[in-house]
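# Geometric and topological summary
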Amino acid sequence: MSKNSSSGSRSSGNRSGGGNRSGGGNRSGGGNVQSILSQIGVGTPNIRIRTVGTEHTGVYLGITDGSAIINENGVPRYIKLSKITAVEVGV
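Residues numbered from 1 in each chain as written. Predicted model: local features only at pLDDT ≥ 70, side-chain atom pairs only at ≥ 80, totals over all residues. Heavy atoms only, no water.

### Considering the overall build of the chain
A count of helices and strands for the chain gives 1 helix and 6 strands. Starting at the N terminus and walking to the C terminus, you meet the elements of the chain as β-α-β-β-β-β-β. Looking at the 91 residues of the chain, the share that counts as buried comes to 29%. Sequence-distant contacts in the chain: of pairs separated by 6 or more residues, those separated by 24 or more amount to 45%. When the accessible surface of the chain is totalled, it reaches about 6300 Å², and 44% of it is carbon and sulfur. (Helix = DSSP H or I, 4+ residues; strand = E, 2+ residues; numbered from the N terminus. Buried < 20%, exposed > 50% of the residue type's maximum accessible area, 1.4 Å probe, protein only. Contact = heavy atoms within 4.5 Å. Areas by Shrake-Rupley, 256 points an atom, 1.4 Å probe, with all protein chains shown as cover.)

### Overview of the confidence of the model for the chain
Across the chain, the average pLDDT comes to 77, with 66% of residues at or above 70. Low confidence marks residues 8-29, where pLDDT is under 50. Its contacts with residues over four positions away, or in another chain, come to 26 contacts. (pLDDT = per-residue confidence, 0-100.)

### Describing the pairing of strand β4 (residues 67-72)
Counted residue by residue, β4 has 5 buried out of 6 residues, so it is predominantly covered. Counting the residues in the hairpin turn of strand β3 (residues 54-64) and β4 gives 2 residues, including Asp65, whose phi is positive at 50°. Taken together, β4 and the strand that follows it, strand β5 (residues 75-80), pair antiparallel across an intervening segment of 2 residues, in which Asn73 is found at a positive phi of about 55°. (Pairing = 2+ DSSP bridges.)

### Here we look at the side chain of Arg48
Structurally, Arg48 can be placed in strand β2 (residues 47-51). A distance of 3.5 Å separates the side chain of Arg48 from the side chain of Glu55, its partner in a polar contact. A polar contact of 3.3 Å, which involves the side chain of Arg48, links it to the side chain of Thr57. (Polar contact = N/O pair within 3.5 Å; in protein donor to acceptor, adjacent residues only side chain to side chain.)

### Looking at the side chain of His56
Mapped onto the fold, His56 is located in strand β3. Overall, His56 belongs to the buried group, its relative accessible area being 17%. A polar contact of 3.0 Å, which involves the side chain of His56, links it to the side chain of Glu72.

This is the structure:
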């Protein structure tokens with residue numbers, strides 16, 4: 001019986017949590033927006049998600065079923081990724 005083994009090394013880096021990150025121009029069906037949102041930790045406060053005509057600011061709760069979830073003043077808001085035009089962090 002043969003075993004597969006890897007002798008490569010893995011490196012890990014630190015992510016800094018400061019500064020503003022924003023993503024816009026959602027022309028690829030949510031790909032850019034989802035990439036930005038995947039870098040934000042669940043429970044991160046002061047997240048603003050914009051769509052055409054609206055914006056929601058609150059605590060980021062994650063992504064489920066193609067929607068970003070944000071807690072805005074105690075009310076969970078489900079925002080379709082395909083409708084998001086910008087994401088702002090630290091507002």
